[in-house]
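Working through the structure, step by step
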Amino acid sequence: MFQSVATRSIIPVGLAVTGFVAICCLSLYSIMKQDMIDDAAQSGRNIANTVVLSTRYAMLHNDRQHLGSIIANIGQHQGVEHLRVFNHDGYITFSRNQSEIGQQVNKKVEGCSGCHSGEKPAEQLATVKQTRRFTNERGVQVLAMTQPIYNEPSCSTTTCHYHPSTQKVLGMLDIGLDQGPLQNSLALMRYRMIVFTLMTLVLTVGGVAALLNRSFFVPLKKLLAITSDEKTCDFEQELESGYGELSILARNYQRIVARLNDTREALARCRSCSKEKDGADNG
């Protein structure tokens, strides 16, 4: 089976096309996956910033009831796994989960260690370090964003809610979003990429095989059939024109067969003449 030209031609082409398409599709999927994750993280940061801006008025007037209501209402939104605000000392002051209020956040966990890695908490945090992914106690994959609440001039000058101007960060807002929709989108994209890859492989390998069969294997079989017989024949009828080197090879084979037949006929005539001469001499 593996000795035939067709097999030895199609198998390497199929393997090469399979490897090329697989690498391209994996690279494309990785890029698209990272883009979708980055977009989800940016959307989460935008939501966190929107929450901070929405609560700004209540914070300036120290309206804790209004602020708690805002946090609770936004926290009930579909896809929000947790939403909480903790102060400069790390105590949760507002949360959608009332049982968390008053608890102190572990500063060593991911999301807090970015600011509290040194002796003095960092006042600025890179955007990438504000985002973290983990699985919560309910087994839900969460994409969480930490948004610092910075001190503004209006915060340090207002009479009802005073913060010293030297305090740069008043607290942090932590929001976690369910990654289920993102994972479903990635799973659907993987499925479509697999189907697309299989279709590309089948069409590409099938198309290459069909072209090779039409332009090479069929005339090669005809040429083998013709050259299996030592008799001369009309190659123009047996082998279609337009096959390039195969047509030239067929014509060269025809000339060789014709010369061989001529040589055989000449030898046969020589033998016949020799026999006639020997007979005449003996007579």
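Since the model is a prediction, treat every value here as computed from it, not as a measurement. (Residues numbered from 1 in each chain as written. Predicted model: local features only at pLDDT ≥ 70, side-chain atom pairs only at ≥ 80, totals over all residues. Heavy atoms only, no water.)

Points about the pairing of strand S1 (residues 80-87)
Convention followed: Working definition: with a 1.4 Å probe on protein chains only, accessible area under 20% of the residue-type maximum means buried, over 50% means exposed, and in between means partly exposed. For helices the rule is a DSSP run of H or I covering at least 4 residues; for strands it is a run of E covering at least 2, with both sets numbered from the N terminus onward. When DSSP finds at least two bridges between two strands, those strands are taken to pair.
Counting buried positions along S1 yields seven of eight residues, so the element is predominantly enclosed. Relative to strand S5 (residues 169-178), S1 is paired through seven bridges, and the arrangement is antiparallel. Within S5, the position partnered with leucine 83 by the bridge is isoleucine 175. The pairing of S1 with strand S2 (residues 92-95) spans three bridges and is antiparallel. When the sheet's bridge partners are listed, arginine 84 is paired in S2 with serine 95. Turn length for the S1-S2 hairpin, with the two strands adjacent in sequence and antiparallel, is four residues, and the turn residue glycine 90 shows positive phi of about 90°.

Some thoughts on the sheet that holds S5
Sheet strands line up and pair through hydrogen bonds in the backbone, either parallel or antiparallel. We count it as follows: Every angle, taken between N-to-C directions, lies between 0 and 180 degrees, and every axis is a line fitted to C-alpha atoms, over only the stretch in contact when it is a helix.
Pairing in this open sheet of five strands is antiparallel, and the strands run S2-S1-S5-S4-S3 from one edge to the other. Strands with a single pairing partner mark the edges of an open sheet, and in this sheet they are S2 and strand S3 (131-135). Between one strand axis and the next, the sheet turns by 25° as a mean value, whatever way the strands run. Across five bridges, the pairing between S3 and strand S4 (residues 141-150) is antiparallel.

A word on helix H3 (residues 64-75)
Applied cut-off: Multiplying 1.5 Å by the residue count of a helix minus one yields the expected span of that helix. Picture the helix axis, draw a direction to every C-beta atom, and the arc is the one those directions span.
With 12 residues, H3 extends 16 Å from end C-alpha to end C-alpha; this agrees with the ideal 16 Å at 1.5 Å per step. For H3, the set of buried residues is Leu67, Ile70, Ile71 and Gly75. Looking down the long axis of H3, one finds its buried residues gathered within 125° of arc, a one-sided arrangement. Turned more than 90 degrees away from the buried face of H3, the exposed residues are Gln65 and Asn73.

Points about the nonpolar core
Selection rule: We call a set of buried residues a nonpolar core when its members are Ala, Val, Leu, Ile, Met, Phe, Trp, Tyr or Cys and they connect through side-chain atoms within 4.5 Å of each other. Note on contacts: a residue pair is in contact if any heavy atoms of the two residues lie within 4.5 Å.
Formed by 19 residues in total, the largest nonpolar core has its most connected members in Ile71, Leu83, Val85, Ile149, Leu173 and Ile175. Sorting the residues of this core by element identifies helix H1 (5-54), helix H2 (56-60), H3, S1, S4 and S5 as the ones contributing at least two each. If near-sequence neighbours (up to four positions away) are discounted, leucine 83 is found in contact with Ile71, Ile74, Gly75, Phe94, Ser95, Arg96, Leu173, Asp174 and Ile175. Judged by nonpolar contacts, the second largest core, of 10 residues, contains Val17, Val21, Met189 and Leu201.

Things to note about the pairing of S5
Most of S5 is tucked away: nine of the 10 residues are buried. Pairing analysis gives nine bridges linking S4 to S5, with the strands arranged antiparallel. Each residue of the ladder has a partner; that of threonine 146, found in S5, is aspartate 174.

Some remarks on the confidence of the model for the chain
Quick note on the threshold: Per-residue confidence from the predictor is reported as pLDDT, a score between 0 and 100.
When the pLDDT values of the chain are averaged, the result is 76; 72% of them are 70 or greater. Across the chain, the secondary-structure element scoring lowest on mean pLDDT is helix H6 (residues 235-238), at 51, and the one scoring highest is S1, at 86.

So, the pattern of salt bridges
Where we set the bar: For salt bridges, the criterion is a side-chain nitrogen of Lys or Arg within 4 Å of an Asp or Glu carboxyl oxygen.
Within this structure, the stated rule accounts for four salt bridges. In this structure, the salt-bridge partner of aspartate 174 is arginine 84, at a minimum N-O distance of 3.1 Å. Taken together, the residues aspartate 174 in strand S5 and arginine 84 in strand S1 connect sequence positions 90 residues apart. Exposure class is identical for aspartate 174 and arginine 84. Each is buried. Residues joined by salt bridges that share partners form a network here, namely Arg84, Glu100, Arg132 and Asp174.

Side note on the side chain of glutamate 81
With respect to the helices and strands, glutamate 81 occurs in strand S1. For glutamate 81, a relative accessible area of 19% corresponds to the buried category.

Thoughts on a nonpolar patch on the surface
Our working rule: Like-charged residues within 9 Å of one another, or nonpolar side chains (Val, Leu, Ile, Met, Phe, Trp, Tyr) within 5 Å, are grouped into patches, provided each residue has over 30% relative accessible area and no salt bridge. Reported accessibility uses the Shrake-Rupley method at a 1.4 Å probe radius. Residues are deemed covered only where the shown protein chains occlude them.
Judged by side-chain polarity, Leu188, Tyr191, Val195, Met199 and Leu203 come together as a nonpolar surface patch covering roughly 520 Å² of accessible area. By the element assignment, valine 195 lies in helix H5 (residues 180-227).

What to know about the environment of arginine 138
What counts, and what does not: Any N or O atom pair separated by 3.5 Å or less is treated as a polar contact, with the protein-specific requirement of one donor-capable and one acceptor-capable atom, and with residues adjacent in sequence counted only for side-chain atom pairs.
As for its position among the elements, arginine 138 is in the loop between S3 and S4. Note: C-alpha distance between arginine 138 and glutamate 81 (57 residues apart in sequence) is 9.9 Å. Of note is the side chain of arginine 138, whose polar atom sits 2.4 Å from the side chain of glutamate 81.

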